[in-house]
Amino acid sequence: MYVARGVVLAAAGAFGGFLAAGGCVAQETSDSAGDGITAVDGLTLGHFTLEERPTGCTVVLAEDGAVAGVDVRGGAPGTREIALLDPVNSVQEAHAIVLSGGSAFGLDAASGVVRYLEERGIGYRAGDHVVPIVAGAILFDLGIGGGSGRPGPECGYEAARAASAAPPDEGSVGAGAGATVGKLRGRGRAMKGGIGTASITLEDGLTVAAVVAVNAVGDVIDPATGEVVAGVRTEDGTGFADARVLLREGEVRPPGDDASVENTTIGVVATNATLTKAEITKVAQMAHDGLARAVYPAHTPSDGDTLFGLTTGRHRDEGGLSRIGTLAADMVAEAILRAVRAATGLPGLPSVSDLTGTGG
């Protein structure tokens with residue numbers, strides 16, 4: 001039996017509940033610990049964080065190309081090139097996925113990644129031309145930290161230039177720099193979100209991983225315990241109000257507060273398995289189960305929850321698509337927990353460590 005990195009299994013009853021909720025119990029091997037999405041051979045990751053205010057972008061590069069898919073579940077997405085990733089469409093591979101802050105303005109960050117790849121001759125061959133295939137999604141962090149800085153082409157270019165196979169930084173960097181969570185009672189009772197990554201490599205060589213920027217309207221819940229890790233705070237700001245309780249009691253956001261629309265959890269799930277475009281799209285769909293286990297509420301009309309899928313095809317998996325999709329959901333949930341636990345607080349937006357004094 002295998003245990004995923006960072007997941008602490010509670011007593012037998014809690015463990016049984018975790019399995020009933022769709023959890024997959026998995027064991028890391030030593031070569032996956034701490035690597036996150038860069039544990040998938042062929043993928044690199046780079047962040048760039050703006051100095052003007054807390055915002056930035058994160059780029060996952062697949063310079064040799066990776067079969068790609070996407071699944072959008074939130075009601076307010078901001079995306080680029082996702083129609084191209086539909087399994088019925090011709091282009092099979094992407095060369096980068098961009099996650100960015102800055103709302104719709106942040107979609108410009110992908111242009112810098114396109115330029116970076118073109119300069120290196122990386123992309124889809126179209127006659128004498130090379131066209132990099134770069135998809136992306138954004139989250140809403142406008143107004144966090146004041147100022148008007150927005151991730152643009154230079155942000156994307158620098159993130160791509162910084163990309164490496166080293167274990168990625170987590171927390172308040174890149175696309176997670178201005179992320180927040182727990183906004184059901186307005187930004188005044190919210191907490192700092194961030195970006196996190198997780199991976200698992202099984203004994204047969206299969207690797208499944210995720211990187212997620214967490215900017216949810218809802219709370220972050222540990223699926224193994226059911227406890228709130230980060231979310232809407234009590235009126236005195238020192239504890240958790242628990243979105244599950246607030247919704248059942250009919251609580252709504254304060255009049256005139258529009259913070260509930262400033263959301264979205266976006267990410268990439270990846271594997272080294274050999275999959276078709278339709279199959280990696282199914283993995284992205286299944287991975288949303290991990291988002292729904294770790295964020296409450298998820299996939300709301302105010303969230304643009306979007307997960308991309310990448311497969312490098314360097315491993316022939318015999319365990320089947322169900323195993324890969326289930327592990328992808330586990331890694332998404334784990335990445336979400338890591339994102340908020342690694343975050344650094346801002347004035348009025350405490351982090352997990354600020355609130356608990358333990359760092360999660």
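About the criteria used
Residues numbered from 1 in each chain as written. Predicted model: local features only at pLDDT ≥ 70, side-chain atom pairs only at ≥ 80, totals over all residues. Heavy atoms only, no water. Core = buried A, V, L, I, M, F, W, Y, C linked by side-chain atoms within 4.5 Å. Buried < 20%, exposed > 50% of the residue type's maximum accessible area, 1.4 Å probe, protein only. Helix = DSSP H or I, 4+ residues; strand = E, 2+ residues; numbered from the N terminus. Contact = heavy atoms within 4.5 Å. Pairing = 2+ DSSP bridges. Axes fitted to C-alpha atoms, helices over the stretch in contact; angles between N-to-C directions. Parallel < 35°, antiparallel > 145°, perpendicular 65-115°, else oblique. Left-handed = near helix turned anticlockwise from the far one by under 90°. Nonpolar A, V, L, I, M, F, W, Y, C, P; charged D, E, K, R; others polar. Salt bridge = Lys/Arg side-chain N within 4 Å of Asp/Glu carboxyl O. pLDDT = per-residue confidence, 0-100. Phe/Tyr/Trp six-rings, centres within 6.5 Å; stacked < 30°, edge-to-face > 60°. Lys NZ or Arg CZ within 6 Å of the ring centre and 35° of its normal.

Please explain the nonpolar core as it appears in this structure.
Burial of nonpolar side chains together is a common tendency in soluble globular proteins. In terms of nonpolar packing, the biggest core is built from 37 residues, with Val220, Val332 and Ile336 touching the most fellow members. Contributing elements (two or more residues each) for this core: β10 (194-201), β11 (207-214), β13 (228-230), β14 (266-273), α5 (277-294) and α6 (321-342). The biggest single contributor to this core is α6, with eleven residues. Valine 332 has contacts with Ala210, Val212, Val269, Ala287, Gly290, Leu291 and Leu307, leaving out every residue within four places of it along the chain. In terms of nonpolar packing, the next biggest core, distinct from the first, is built from 30 residues, Val40, Ala94, Val211 and Ile266 among them.

What exactly am I supposed to notice about the sheet that holds β13 here?
Backbone hydrogen bonds are what pair the strands of a sheet, in a parallel or an antiparallel way. With antiparallel pairing, three strands are arranged side by side in an open sheet as β13-β12-β15. The sheet terminates laterally at β13 and β15 (295-296), the two strands that pair on one side only. Where strand β12 (residues 219-221) meets β15, two bridges bridge the pair, whose relative direction is antiparallel. Among the inter-strand pairings, aspartate 219 is bridged to a residue of β15, identified as tyrosine 296.

Which parts of the structure should I look at to understand the packing of helix α2 (residues 109-119) against helix α3 (residues 153-162)?
A pair of packed helices is captured by two measures, namely the crossing angle of their axes and the spacing between those axes. Contact geometry of α2 with α3 gives a least axis separation of 6 Å together with a crossing angle of 50 degrees. Comparing the axis directions of α2 and α3 gives the class oblique. The crossing of α2 and α3 is right-handed. Each of Ala109, Ser111, Gly112, Val113, Arg115, Tyr116 and Glu119 in α2 lies in contact with α3, whose residues at this interface are Pro153, Glu154, Gly156, Tyr157, Ala160 and Arg161. Among the residues forming the contact of α2 with α3, the class breakdown is six nonpolar, three polar and four charged.

Sorry if this is basic, but what is going on with the pattern of salt bridges here?
Scanning the model with the defined rule gives 13 salt bridges in all. With its nearest N and O atoms 2.7 Å apart, the salt bridge here joins arginine 115 to glutamate 154. Placement of arginine 115 in helix α2 and of glutamate 154 in helix α3 is noted, with a sequence separation of 39 residues between them. With a relative accessible area of 31%, arginine 115 lands in the partly exposed category. Residue classification places glutamate 154 among the partly exposed positions, given a relative accessible area of 48%. For the salt bridge of arginine 293 with aspartate 330, the shortest nitrogen-to-oxygen distance reads 2.9 Å. A residue pair is termed long-range when its members are at least 10 positions apart, and arginine 293 in helix α5 and aspartate 330 in helix α6 qualify at 37 residues.

It is not clear to me how unusual backbone geometry should be interpreted in this structure. Could you clarify?
For residues other than glycine, phi is negative in most cases, and the peptide bonds are mostly trans. With omega at -10 degrees, the peptide bond leading from tyrosine 296 into proline 297 counts as cis. Among the structural elements, proline 297 can be located in the loop between β15 and β16 (306-315). Notably, glutamate 81 is not glycine yet its phi reads approximately 65 degrees, a positive angle.

Teacher, can you tell me more about the side chain of histidine 95 here?
Relative to the helices and strands, histidine 95 is located in strand β4 (residues 93-100). Its relative accessible area of 6% is what places histidine 95 among the buried residues. Every residue in contact with histidine 95, bar those within four places of it in the chain, is listed here: Val60, Leu61, Ala62, Glu63, Gly65, Leu117, Ile122, Gly123, Tyr124, Val131, Pro132 and Ile133.

Looking at this structure, how should I read the pairing of strand β1 (residues 44-49)?
Put simply, side chains in a regular strand alternate between the two faces of the sheet. Two elements, β1 and strand β2 (residues 56-72), share six bridges in a ladder whose sense is antiparallel. Residue threonine 49 lies in a different strand from β2, and its bridge partner there is glycine 56.

Can you walk me through the confidence of the model for the protein chain in this structure?
The predicted coordinates should not be examined in detail at positions where pLDDT is low. Chain-level pLDDT for the protein chain is 88 on average; 87% of the residues reach the 70-or-more range. Segment residues 1-33 is flagged for pLDDT under 50; beyond a separation of four residues in sequence, or across chains, it makes 68 contacts in the model.

Can you help me understand the packing of aromatic side chains in this one?
In total, this model carries one aromatic pair according to the counting rule given. Measuring from ring centre to ring centre gives 5.6 Å for tyrosine 116 and tyrosine 157, while their planes differ by 80 degrees; the resulting arrangement is edge-to-face. Residue tyrosine 116 is located in helix α2, and its partner tyrosine 157 is located in helix α3; the two are separated by 41 residues in the primary sequence. By relative accessible area, tyrosine 116 is classed as buried at 8%. One cation-aromatic arrangement involves arginine 120 over tyrosine 116; the distance from NZ or CZ to the ring centre is 3.6 Å.

Looking at this model, I keep getting lost on the pairing of β2. Mind explaining?
With respect to burial, β2 is a largely interior element, 14 of its 17 residues being buried. Hairpin connection of β1 to β2: six residues between the antiparallel strands. Pairing of β2 with β4, which is carried by seven bridges, proceeds in the antiparallel orientation. Residue pairing for β4: threonine 58 is matched across the bridge by leucine 99. Here six bridges tie β2 to β16, and the two strands are oriented antiparallel to one another. Bridge pairing links valine 72 to threonine 306 in β16.

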